[in-house]
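Notes for the structure review
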Amino acid sequence: MRYWLMKTEPGEFGIDDLAARPGQTEHWDGVRNYQARNMMRDEMKEGDGVLFYHSNCDVPGVVGIAEIAREAYPDFTAFDPDDKHYDPASKPEDPRWFMVDVRFVRKLRRTIALSELRDRPELAGLALVRKGNRLSVMPVSPDQWNFILSLE
DNA sequence: GCCAACGTTGGC
DNA sequence: GCCAACGTTGGC
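Along each chain, the written sequence defines residue order, and numbers are assigned to residues from 1. Chains and ligands are labelled sequentially in the order written, the chains with letters from A and the ligands with numbers from 1. Since the coordinates come from a predicted model, pLDDT governs what is reported: local features require at least 70, and pairs of side-chain atoms require 80 or more to be given and counted, while whole-chain, interface and lining totals use all residues. Note that the side-chain values use all heavy atoms of the structure and ignore hydrogens as well as water.

Below, the discussion takes up the pattern of salt bridges. By salt bridge we mean one thing: a side-chain nitrogen of Lys or Arg within 4 Å of a carboxyl oxygen of Asp or Glu. Counted under the stated rule, the structure contains nine salt bridges. Between glutamate 152 and arginine 106 there is a salt bridge, with its nearest N and O atoms 3.0 Å apart. Taken as a pair, glutamate 152 in the segment after helix H4 (142–150) and arginine 106 in strand S5 (residues 98–113) lie far apart in primary sequence, 46 residues in all. The buried category is assigned to glutamate 152, whose relative accessible area is 16%. Where arginine 109 meets glutamate 152, a salt bridge forms, and the shortest distance between an N and an O atom there is 3.7 Å. Of this pair, arginine 109 sits in strand S5 while glutamate 152 sits in the segment after H4, and the two are 43 residues apart along the sequence. Only runs of H or I of at least four residues qualify as helices and only runs of E of at least two qualify as strands under DSSP, and these elements are numbered from the N terminus. Note on classification: 1.4 Å probe, protein chains only; a residue is buried when its accessible area is under 20% of the maximum for its type, exposed when over 50%, partly exposed between these limits.

Turning our eyes to something else, we now look at the UniProt feature "domain: EVE" (unreviewed entry) in chain A. Mapped onto this structure's residue numbering, the UniProt feature "domain: EVE" (unreviewed entry) falls at residues 2–150. In this annotation, residues 2–150 is assigned 19% helix and 33% strand; the end-to-end C-alpha distance for the span is 18 Å. UniProt positions are given in the numbering used here, feature names are shortened, and annotations may be inferred rather than shown by experiment.

With that settled, the discussion passes to the protein's contact with DNA strand B. Surveying the vicinity of DNA strand B reveals the residues Lys7, Tyr53, Ser55, Asn56, Pro60, Leu114, Arg118, Arg134 and Leu135. Summary of the distance rule: residues count as near a molecule or strand when at least one heavy atom falls within 4 Å of that molecule or strand. Considering DNA strand B, the proportion of its atoms within 4 Å of the protein that are sugar or phosphate atoms stands at 71%. In the environment of DNA strand B, a phosphate oxygen lies 2.9 Å from a nitrogen or oxygen atom belonging to the side chain of lysine 7. In the analysis that follows, any N or O atom pair within 3.5 Å is treated as a polar contact, provided that within protein one partner can donate a hydrogen and the other can accept it, and provided that, for residues neighboring in sequence, both atoms belong to side chains. Within the side chain of tyrosine 53, a nitrogen or oxygen atom sits 2.8 Å from a phosphate oxygen of DNA strand B. Gly is placed with the polar residues, together with every amino acid not listed as nonpolar (Ala, Val, Leu, Ile, Met, Phe, Trp, Tyr, Cys and Pro) or charged (Asp, Glu, Lys and Arg). Of the residues assigned to the surface near DNA strand B, the class counts are four nonpolar, two polar and three charged.

With that settled, the discussion passes to the pairing of strand S4 (residues 61–74). The pairing criterion for strands is at least two bridges between them, as found by DSSP. Here strand S3 (residues 49–54) runs beside S4; their pairing, made up of six bridges, is antiparallel. In the sheet register, tyrosine 53 faces S4, and the bridge partner there is valine 62.

Listed as buried for H4 are Gln144, Trp145, Phe147, Ile148 and Leu149. When checking whether two residues touch, look at their non-hydrogen atoms; a contact exists if any pair is within 4.5 Å. Contacts from the buried residues of H4 go to strand S1 (3–8), S3, S4, S5, helix H3 (114–117) and strand S6 (137–140).

Let's shift gears to the nonpolar core. Remark: nonpolar core denotes a set of buried residues (Ala, Val, Leu, Ile, Met, Phe, Trp, Tyr, Cys) joined through side-chain atoms within 4.5 Å. Met6, Val62 and Leu117 are the most contacted members of the largest nonpolar core, which has 43 residues in total. Aside from chain neighbours lying at most four places away, what touches valine 62 is Leu5, Leu51, Phe52, Tyr53, Leu108, Arg110, Thr111, Ile112, Leu117 and Ile148.

See the structure below:
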């Protein structure tokens, strides 16, 4: 079992939206970055743990825990010309972009803010706190996972 | 293959 | 709203 961190903008889709979904699952569409795609497509397995992260908001940080509910399959939003994430280069017979489904596990008792995660030597290797990082999906080691959750 | 221009991400 | 960092695009 592996661990991940996935970013989302709460104004678009946040932890409370996931908790309110039927079955408390949702497909993670719209990833249009090759590194993130490769991790989703090739490495994420059902049952993997996910730190649910809110970005582009008042207090960016980890707000909850989710798990991978379905392994990668083609991101159908790429096929829809009316969709914001439409990509004509991705065809149903040869999809370029993939998504996974995630399932709500729980909300944290409080937001573990990015500002708290910075400058922690335990997290020096975490992509999230490295300068200029823009990955929306990234791996988290078991030690990093345990450390971050110990801050709750 | 280089690299300038451009678009996006995302913290602040 | 600003802007640094980074990815992508496309001319050459």
